[in-house]
Amino acid sequence: MSTTTFTSTTNFYEVLGVKQDATQEEVRKAYRRRALQTHPDRLPQDVSQADKKKAEEQFRLVNNAYEVLNNEESRKVPVRQARRLASSHGAARVPTSV
């Protein structure tokens with residue numbers, strides 16, 4: 001099982017394509033749209049393993065972004081702490097220094 005690694009430039013708002021002042025409903029709609037776009041099962045049958053792996057990583061990133069942004073508590077804390085919160089829920093491996 002591979003893990004998604006966030007970088008210091010990972011921006012959950014950009015991942016979902018929403019503004020920082022987006023409502024919970026806007027976050028939810030953006031998540032559903034991006035999840036459908038990045039879901040590995042939606043790839044053509046003849047896609048390469050590398051492309052499938054890339055799609056899986058993108059899908060994981062979209063899910064992690066939604067986990068953080070959908071939670072009102074995690075949206076209030078600085079981005080670094082929000083990433084740690086996502087990690088504590090088993091969402092992804094997150095670097096401690098951002």
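Above: the structure in question.
Here's a quick rundown of the structure.

Reading guide: rules and limits
All residue numbers refer to position in the chain's written sequence, counted from 1. Reporting in this predicted model follows two pLDDT cut-offs: at least 70 for local features of residues, and 80 or more for side-chain atom pairs to be given and counted; totals over whole chains, interfaces and linings ignore these cut-offs and use all residues. Hydrogens and water are ignored here; the side-chain numbers use all heavy atoms of the structure. Strands are runs of DSSP state E lasting at least two residues, helices are runs of H or I lasting at least four, and both sets are numbered from the N terminus onward. Buried residues are those whose accessible area, probed at 1.4 Å on protein chains only, stays under 20% of the maximum for their type, while exposed residues exceed 50% and partly exposed ones sit between those limits. Contacts were defined at the residue level, with two residues in contact if any of their heavy atoms lie within 4.5 Å. Per-residue accessibility takes into account occlusion by the displayed protein chains alone, with areas from the Shrake-Rupley method and a 1.4 Å probe. Here, a salt bridge means any Lys or Arg side-chain nitrogen found within 4 Å of an Asp or Glu carboxyl oxygen. To qualify as a nonpolar core, a set must consist of buried Ala, Val, Leu, Ile, Met, Phe, Trp, Tyr and Cys residues joined through side-chain atoms within 4.5 Å. Aromatic contacts are taken between Phe, Tyr and Trp rings whose centres are within 6.5 Å, Trp giving its six-membered ring; a plane angle under 30 degrees counts as stacked, one over 60 as edge-to-face, and the others as tilted.

**A short note on the overall build of the protein**
No. 1: Scanning the protein from terminus to terminus reveals five helices and zero strands.
No. 2: Taken from the N to the C terminus, the helices and strands of the protein come in the order α-α-α-α-α.
No. 3: Taken across its 98 residues, the protein has 33% of its residues classed as buried.
No. 4: Taking as baseline every contact in the protein between residues at least 6 positions apart, the subset at least 24 positions apart corresponds to 62%.
No. 5: Looking at the protein as shown, the accessible area adds up to about 6500 Å², and 48% of this sits on carbon and sulfur atoms.

**Points about the environment of Asp51**
No. 1: Assignment of secondary structure puts Asp51 in helix H3 (residues 49–70).
No. 2: Remark: the alpha-carbon pair of Asp51 and Pro40, spanning eleven residues in sequence, is separated by 9.0 Å.

**Section: the environment of Phe12**
No. 1: Its location among the elements puts Phe12 in helix H1 (residues 12–16).
No. 2: For the pair Phe12 and Ala65, spaced 53 residues apart in sequence, the C-alpha separation works out to 4.8 Å.

**Some thoughts on the environment of Val18**
No. 1: Inspection of the secondary structure assignment puts Val18 in the loop between H1 and helix H2 (24–38).
No. 2: Separated by twelve residues in the primary sequence, Val18 and Ala30 have C-alpha atoms spaced 7.0 Å apart.
No. 3: Setting aside chain neighbours within four positions, we find Val18 in contact with Tyr13, Glu26, Val27, Ala30 and Leu69.

**Quick word on the pattern of salt bridges**
Think of it this way: side chains of opposite charge can pair up when their charged atoms draw near.
No. 1: Under the criterion given, the structure shown has two salt bridges.
No. 2: For the salt bridge of Glu25 with Arg28, the shortest nitrogen-to-oxygen distance reads 2.6 Å. Of the two residues, Glu25 and Arg28 are both situated in helix H2; the distance of three residues between them amounts to about one turn of the helix.
No. 3: With a shortest N-O distance of 2.9 Å, Arg60 and Glu57 are connected by a salt bridge. Of this pair, Arg60 and Glu57 both sit in helix H3, three residues apart, which is roughly one turn of the helix.

**Observations regarding the nonpolar core**
No. 1: Leu16, Val18, Val27, Tyr31 and Leu69 are the most contacted members of the largest nonpolar core, which totals 17 residues.
No. 2: At the level of secondary structure, the elements contributing two or more residues to this core comprise H1, H2 and H3.
No. 3: At seven residues, the largest contribution of residues to this core is made by H3.
No. 4: In this view, Leu69 contacts Phe12, Tyr13, Leu16, Val18, Gln24, Val27, Ser74 and Arg75; residues no more than four positions away in its chain are not counted.

**Digging into the packing of aromatic side chains**
No. 1: Enumeration over the complete set of coordinates arrives at one aromatic pair.
No. 2: Centroid distance Tyr31 to Tyr66: 4.1 Å. Interplanar angle 20°. Geometry classified as stacked. Of the two residues, Tyr31 is situated in helix H2 and Tyr66 in helix H3; the sequence distance between them amounts to 35 residues.

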